[in-house]
Amino acid sequence: MRWARVGGMRYGLLGDIHGNLEGLQAVVAALDSERVDSFLCLGDVVGYGADPNACCALVRELDAVCLFGNHDQAALGMVDLTWFNVYARDAAEWTQHQLAPEHKEWLAALPPARIINGFVVVHSSLPNPWKWIYVSTPSLAAETMAACEHSLVFLGHTHVAEAYRKVGGAVVRRRPLTDGGHIDLNTGDRWVINPGSCGQPRDRNPLAAYAVYDEEAGTVEVRRVAYDIDTAVDKIRQSDLPDFLGLRLYYGR
Ligand code: ZN
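Just so you know, these numbers come straight off a predicted model, no measurement behind them. (Residues numbered from 1 in each chain as written. Predicted model: local features only at pLDDT ≥ 70, side-chain atom pairs only at ≥ 80, totals over all residues. Heavy atoms only, no water.)

Q: Help me understand the overall build of the protein chain, please; the structure alone is not making it clear to me.
A: Within the protein chain, the regular secondary structure consists of 8 helices and 12 strands. The C-alpha atoms of the protein chain give a radius of gyration of 17 Å, which matches the 18 Å a tight globule of 253 residues would have. Projected onto the principal axes, the alpha-carbon positions of the protein chain cover approximately 50 × 35 × 35 Å. Burial statistics for the protein chain: of 253 residues in total, 58% are counted as buried. Computed over 23 positive and 31 negative side-chain charges, the separation of the two mean positions in the protein chain equals 8 Å. (Helix = DSSP H or I, 4+ residues; strand = E, 2+ residues; numbered from the N terminus. Rg over C-alpha atoms; globule rule 2.2 N^0.38 Å. Buried < 20%, exposed > 50% of the residue type's maximum accessible area, 1.4 Å probe, protein only. Lys, Arg positive; Asp, Glu negative; His and termini not counted. Charge placed at Lys NZ, Arg CZ, Asp CG, Glu CD.)

So, in structure tokens, the structure goes:
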């Protein structure tokens, strides 16, 4: 397939916001200055952080194409929480009580995967986005590639900024993007790209992560931006959420 298109869109990709309003605001400001035409949110708007309602409101205000994540599902009471670790369970129960009915209604209508103009966005993986499988190895990335006809897939869920590339019939290789990076899509290879997490990075870089996909240039820029971590952590401390969920933000783990 050819990437170059006249007058292509610039997409701002963000995901795994997890109720971290300060992280989200920093990423939105960065994407605004990148002149993106459209926002794509890869899911998990809520869960873990202290501002689930404000994050839903801001993503809705952006008119983002938004996916449904497993923590959004948990916050709607649709998941057996025994599968979650204790922190995630506490956070899911807390979020269930906090979340306004209008945001619950909005989240409940979101899909876990979508085909946009010639590429795929999915919170977790293909072929079954409802299994919430973490794409964290080349073989899992290869399964996602094999499950769709598109050359480009963006996903989230692991909170690790990285990309998987398949050149022709060769094996899939992983490329870490912890400090960001530039990807050229014009070589005809297949890509699975995870821009990383905007609200709870786990790749040991505490900065908020996002990406810009320029359709016309055929490029993806993965970037990090500083945000007010202290405020996000203080809000978690002052809520009934476990303190650990704040502390981990300083370490990006
Ligand atoms: Zn997540």
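Here the narrative resumes, following the displayed structure.
Q: I keep staring at the packing of helix α7 (residues 229-238) against helix α8 (residues 244-251) and nothing clicks. Help me out?
A: Two packed helices can be described by the angle between their axes and the distance between those axes. Relative orientation of the contacting elements α7 and α8 amounts to 165 degrees, with a least axis distance of 8 Å. Judged by the inter-axis angle, α7 sits roughly antiparallel to α8. For the pair α7 and α8, the sense of crossing is left-handed. Each of I229, D230, A232, V233, I236 and R237 in α7 lies in contact with α8, whose residues at this interface are L245, G246, L247, L249 and Y250. Looking at the contact of α7 with α8, its residues break down into 8 nonpolar, 1 polar and 2 charged. (Axes fitted to C-alpha atoms, helices over the stretch in contact; angles between N-to-C directions. Parallel < 35°, antiparallel > 145°, perpendicular 65-115°, else oblique. Left-handed = near helix turned anticlockwise from the far one by under 90°. Contact = heavy atoms within 4.5 Å. Nonpolar A, V, L, I, M, F, W, Y, C, P; charged D, E, K, R; others polar.)

Q: How do you make sense of the side chain of D189 when you look at a structure like this?
A: Turning to its location among the elements, D189 is positioned in the loop between β9 (181-184) and β10 (190-194). Here the side chain of D189 touches R165 through a polar contact of 2.6 Å, side chain to side chain. A distance of 2.9 Å separates polar atoms of two side chains, one belonging to D189 and the other to T187. Excluding its chain neighbours within four sequence positions, the residues that come into contact with D189 are S151, R165, K166, V167 and G168. (Polar contact = N/O pair within 3.5 Å; in protein donor to acceptor, adjacent residues only side chain to side chain.)

Q: Got a minute to help me understand the sheet that holds strand β12 (residues 219-225) in this structure?
A: The strands making up a sheet are joined through hydrogen bonds of the backbone, oriented either antiparallel or parallel. A sheet is described by the order of its strands in space; here 6 strands give the open sequence β3-β2-β1-β11-β12-β9, paired in mixed fashion. Across the chains shown, the open sheet's two edge strands, defined by having one partner strand only, are β3 (65-66) and β9. Direction of pairing for β9 relative to β12: antiparallel, over a ladder of 4 bridges. Looking at the pairing, D184 lines up with T219 of β12. (Pairing = 2+ DSSP bridges.)

Q: So what exactly am I meant to see when it comes to the coordination of the zinc ion here?
A: By definition of the ideal shapes, a tetrahedral metal site with four donors has angles of 109.5 degrees and an octahedral site with six donors has angles of 90 or 180 degrees. Every protein donor of the zinc ion is listed here as D16 (OD), H18 (NE2), D44 (OD) and H159 (NE2), and their distances to the metal cover 2.1 to 2.4 Å. Around the zinc ion sit 4 donor atoms, and with donor-metal-donor angles ranging over 90 to 175 degrees the site reads as irregular. Mapped onto the sequence, the residues coordinating the zinc ion show the spacing D-x1-H-x25-D-x114-H. Assigned by exposure class, D16 and H18 land together as buried. (Donors = N, O, S within 2.8 Å, 3.2 Å for Na, K, Ca; no water. Tetrahedral: all angles 85-135°; square planar, octahedral: opposite > 155°, others 65-115°.)

Q: I tried to follow the confidence of the model for the protein chain on my own but got confused; where do I start?
A: Keep in mind that low pLDDT regions are not for reading the predicted coordinates in detail. Per-residue pLDDT for the protein chain has a mean of 95; in total, 97% of the residues score no lower than 70. Contacts from residues 1-5, a stretch scored under 50 in pLDDT, to residues over four places away or in other chains number 15 contacts. (pLDDT = per-residue confidence, 0-100.)

Q: Would you mind showing me how to read helix α6 (residues 138-146) here?
A: For an α-helix the count is 3.6 residues per turn, leaving residues at separations of three or four pointing the same way. For α6, the set of buried residues is A141, T144 and M145. All buried residues of α6 project into a common sector of 100 degrees when viewed along the axis, lining one side. Turned more than 90 degrees away from the buried face of α6 sit S139 and A146, all of them exposed. Contacts from the buried residues of α6 go to β6 (152-155), β7 (162-166), β8 (172-176) and β10. (Arc of directions from axis to C-beta.)

Q: Just checking my understanding: could you explain the environment of D234 for this structure?
A: By the secondary structure assignment, D234 is in helix α7. Sequence spacing of D234 and G246 is 12 residues, and the spatial spacing of their C-alpha atoms is 7.5 Å.

Q: Which parts of the structure should I look at to understand the packing of aromatic side chains?
A: The geometry of two aromatic rings is summed up by the distance between their centres and the angle between their planes. Counted by the stated rule, this structure contains 8 aromatic pairs. Among the aromatic residues, those joined into a cluster by ring pairs are Y11, F119, F154 and Y213. The positively charged end of R248 is found above the aromatic ring belonging to Y48, 5.8 Å away from the centroid. (Phe/Tyr/Trp six-rings, centres within 6.5 Å; stacked < 30°, edge-to-face > 60°. Lys NZ or Arg CZ within 6 Å of the ring centre and 35° of its normal.)

Q: Hey, could you run me through the nonpolar core in this one?
A: As a rule of thumb, nonpolar side chains are buried together in soluble globular proteins. With 51 residues, the main nonpolar core has I17, L24, V45, V59 and L107 as its most contacted residues. It is helix α1 (residues 21-33) that contributes the most residues to this core, 7 residues altogether. When sequence neighbours within four positions are dropped, the list of residues in contact with L24 reads L14, I17, C55, L58, V59 and C198. In this structure, L67, F119, A163 and A211 belong to the second largest nonpolar core, which totals 21 residues. (Core = buried A, V, L, I, M, F, W, Y, C linked by side-chain atoms within 4.5 Å.)

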